[in-house]
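# Residue-level structure breakdown
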Amino acid sequence: MAPLPKALLWQRTDTTGTDLALVDDRRGLYARGIATAVDPIPYVCRYELVTDETWATAHLDVSVEGAGWLRTLRLERAVGRWRATTAEQGDLDRALASAGHAPVGLPGTEDPGRLHDATDVDLGGSPLPNTLPIRRLSLLTEPPGTTHRLNMAWVLVPSLEVLPSEQTYRVVDESTVRFDIDGFGAELAVDKEGYVVKYPGLAERKA
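Below: a short report on this structure. (Residues numbered from 1 in each chain as written. Predicted model: local features only at pLDDT ≥ 70, side-chain atom pairs only at ≥ 80, totals over all residues. Heavy atoms only, no water.)

## Observations concerning the packing of aromatic side chains
Under the counting rule described, the total for this entry stands at three aromatic pairs. The interplanar angle of 20 degrees and the centroid separation of 6.5 Å between the aromatic rings of Phe-184 and Tyr-199 together place this pair among those described as stacked. Here Phe-184, found in strand β12 (residues 184-190), pairs with Tyr-199, found in strand β13 (residues 196-199); they are 15 residues apart in sequence, far enough to count as distant. With a relative accessible area of 37%, Phe-184 lands in the partly exposed category. The structure contains a cluster of three or more aromatic residues connected by ring pairs, namely Tyr-169, Phe-179, Phe-184 and Tyr-199. (Phe/Tyr/Trp six-rings, centres within 6.5 Å; stacked < 30°, edge-to-face > 60°. Helix = DSSP H or I, 4+ residues; strand = E, 2+ residues; numbered from the N terminus. Buried < 20%, exposed > 50% of the residue type's maximum accessible area, 1.4 Å probe, protein only.)

## Examining the pairing of strand β6 (residues 69-78)
As paired strands, strand β5 (residues 57-66) and β6 are joined by eight bridges and run antiparallel to one another. Residue Val-62 lies in a different strand from β6, and its bridge partner there is Leu-73. Where β5 hands over to β6, the hairpin turn is made up of two residues, of which Gly-68 adopts a positive phi near 85 degrees. Pairing geometry for β6 and strand β7 (residues 81-90), over ten bridges, is antiparallel. In the sheet register, Glu-76 faces β7, and the bridge partner there is Arg-83. The hairpin formed by β6 and β7 contains two residues between the paired strands, and Val-79 there has a positive phi angle of roughly 55 degrees. (Pairing = 2+ DSSP bridges.)

## Description of the environment of Val-155
Relative to the assigned elements, Val-155 resides in strand β9 (residues 147-155). Val-155 sits 80 residues away from Leu-75 along the chain, and the two C-alpha atoms are 9.3 Å apart. The contact partners of Val-155, leaving out residues within four places of it in the chain, are Leu-60, Leu-73, Leu-75, Asp-122, Leu-123, Gly-124, Leu-160, Glu-161 and Val-162. (Contact = heavy atoms within 4.5 Å.)

## Some points on the pattern of salt bridges
Evaluated as defined, the whole model comprises 13 salt bridges. Close ionic contact of Asp-25 with Lys-6 constitutes a salt bridge, the shortest N to O distance being 2.8 Å. Placement of Asp-25 in the loop between β2 (17-24) and β3 (30-37) and of Lys-6 in strand β1 (residues 6-12) is noted, with a sequence separation of 19 residues between them. Put simply, Arg-46 and Glu-65 hold a salt bridge, and the shortest N to O gap is 3.5 Å. Of the two residues, Arg-46 is situated in strand β4 (residues 43-51) and Glu-65 in strand β5; the sequence distance between them amounts to 19 residues. Here the salt bridges do not stand alone but share partners, grouping Asp-61, Arg-74, Glu-76 and Arg-83 into one network. (Salt bridge = Lys/Arg side-chain N within 4 Å of Asp/Glu carboxyl O.)

## Brief notes about the pairing of β1
Where β1 and β2 come together, six bridges link them in antiparallel fashion. Bridge pairing in β2 links Leu-9 to Leu-20. Both β1 and strand β14 (residues 203-205) contribute to a ladder of three bridges, which runs antiparallel. Across the sheet, residue Gln-11 finds its bridge partner in β14, namely Glu-204.

## Notes on the nonpolar core
Of all hydrophobic cores here, the largest spans 53 residues; its most connected members are Leu-75 and Leu-128. Leaving out residues up to four positions away in the same chain, Leu-75 has contacts with Ala-58, His-59, Leu-60, Trp-82, Arg-83, Ala-84, Leu-115, Val-121, Ala-153, Val-155 and Val-162. (Core = buried A, V, L, I, M, F, W, Y, C linked by side-chain atoms within 4.5 Å.)

In structure tokens form, the structure reads like this:
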């Protein structure tokens, strides 16, 4: 496993947790990350995100682990089609119930066809995937007001359930992109490379 040239570290602001991503963005994106959080129950999330040279998602590998349970997901996109491969050990729903939370969905998706229009992935709790449409669509060079409505393959954490998600990205200025999803919106402050510096209500970059 080769070392990667950049490190990005975010601190969660909605809960106690961090997200460290090691990235190589010289030909699209290759990233390995480790995220931790205590909500809804303590877990560690390890992920590998790979795009092609246009920044369109090629695959996402994710594992989420907590006390007494482990879930994994491999989400691949090729020729416009998505495929999800999953595994589970232990019982996440039991761990959630013990903490007073409702059960969650199964990992993956029963109908990958629902993701047909998606080009990008979104990983719950992680600011890194927001960079994909910003770079793929060259949003930081577009005039203010430029708007794109996009379909995403949204991976929920910790369940790793995959849902289709309609999201909107609108250019505010050369360092700000407005992001909207299901009634929630935030103005993302980004650096000159399109990586999130501040995601109000979720995380702030520390390195």
